[in-house]
Amino acid sequence: MKNITFKNIPDNLYFKVVEWKGKLRCATWQDFLEKVIFVLEESESTTVVEQASERA
């Protein structure tokens, strides 16, 4: 298993991610990432991916 470390994350981004982790009822960060990736993969033909790509 790989470990991921994020450094220098702005507070507002961190708190948004923690909020969504709770909304998705994820016990672990791995569970959160799996759910986010699942939604993105299922949404490939919708505007979700397009909107996320525009913000990146």
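Look above for the structure.
Now for a description of the structure that goes with this document. From a predicted model like this one, the values you see are computed outputs, not experimental measurements. (Residues numbered from 1 in each chain as written. Predicted model: local features only at pLDDT ≥ 70, side-chain atom pairs only at ≥ 80, totals over all residues. Heavy atoms only, no water.)

Another point: the environment of V36. Along the chain, V36 falls in helix α2 (residues 29–42). Sequence separation of V36 and L24 is 12 residues, and the distance between their C-alpha atoms is 9.1 Å. (Helix = DSSP H or I, 4+ residues; strand = E, 2+ residues; numbered from the N terminus.)

Another aspect to go through is unusual backbone geometry. Unusually for a residue other than glycine, N8 sits at a positive phi of about 60 degrees. Relative to the helices and strands, N8 resides in the segment before α1 (11–23). Judged by relative accessible area, N8 falls into the exposed class, the value being 78%. Notably, R25 is not glycine yet its phi reads approximately 55 degrees, a positive angle. Under the relative-accessibility criterion, R25 is labelled exposed at 73%. (Buried < 20%, exposed > 50% of the residue type's maximum accessible area, 1.4 Å probe, protein only.)

This part takes up the packing of aromatic side chains. The final tally for this structure, using the stated rule, is 2 aromatic pairs. Centre to centre, the rings of Y14 and F15 are 5.5 Å apart; their planes meet at 70 degrees, and the pair counts as edge-to-face. Both rings, one in W29 and one in F32, keep their centres 5.8 Å apart while their planes meet at 85 degrees; by these two values the pair is edge-to-face. Of this pair, W29 and F32 both sit in helix α2, 3 residues apart, which is roughly one turn of the helix. Given the relative accessible area of 41%, W29 is considered partly exposed. Note on F32: relative accessible area 10%, which makes it buried. Cation over ring: K21 sits above W29, and NZ or CZ is 4.8 Å from the ring centre. In this arrangement the basic side chain of K23 is found over the ring face of W20, its NZ or CZ atom lying 4.5 Å from the centre. (Phe/Tyr/Trp six-rings, centres within 6.5 Å; stacked < 30°, edge-to-face > 60°. Lys NZ or Arg CZ within 6 Å of the ring centre and 35° of its normal.)

Taken as a whole, this structure holds 2 salt bridges when the rule is applied. The residue E19 makes a salt bridge to K23 at a minimum N-O spacing of 3.3 Å. With E19 and K23 both in helix α1 and 4 residues apart, this pair spans about one turn of that helix. For E19, a relative accessible area of 44% corresponds to the partly exposed category. Ionic pairing is found between K35 and D31, a salt bridge with its closest N-O pair at 4.0 Å. Highlighted residues: K35 and D31, both in helix α2, separated by 4 residues, approximately one helical turn. Residue K35 is classed as partly exposed on the basis of its relative accessible area of 30%. (Salt bridge = Lys/Arg side-chain N within 4 Å of Asp/Glu carboxyl O.)

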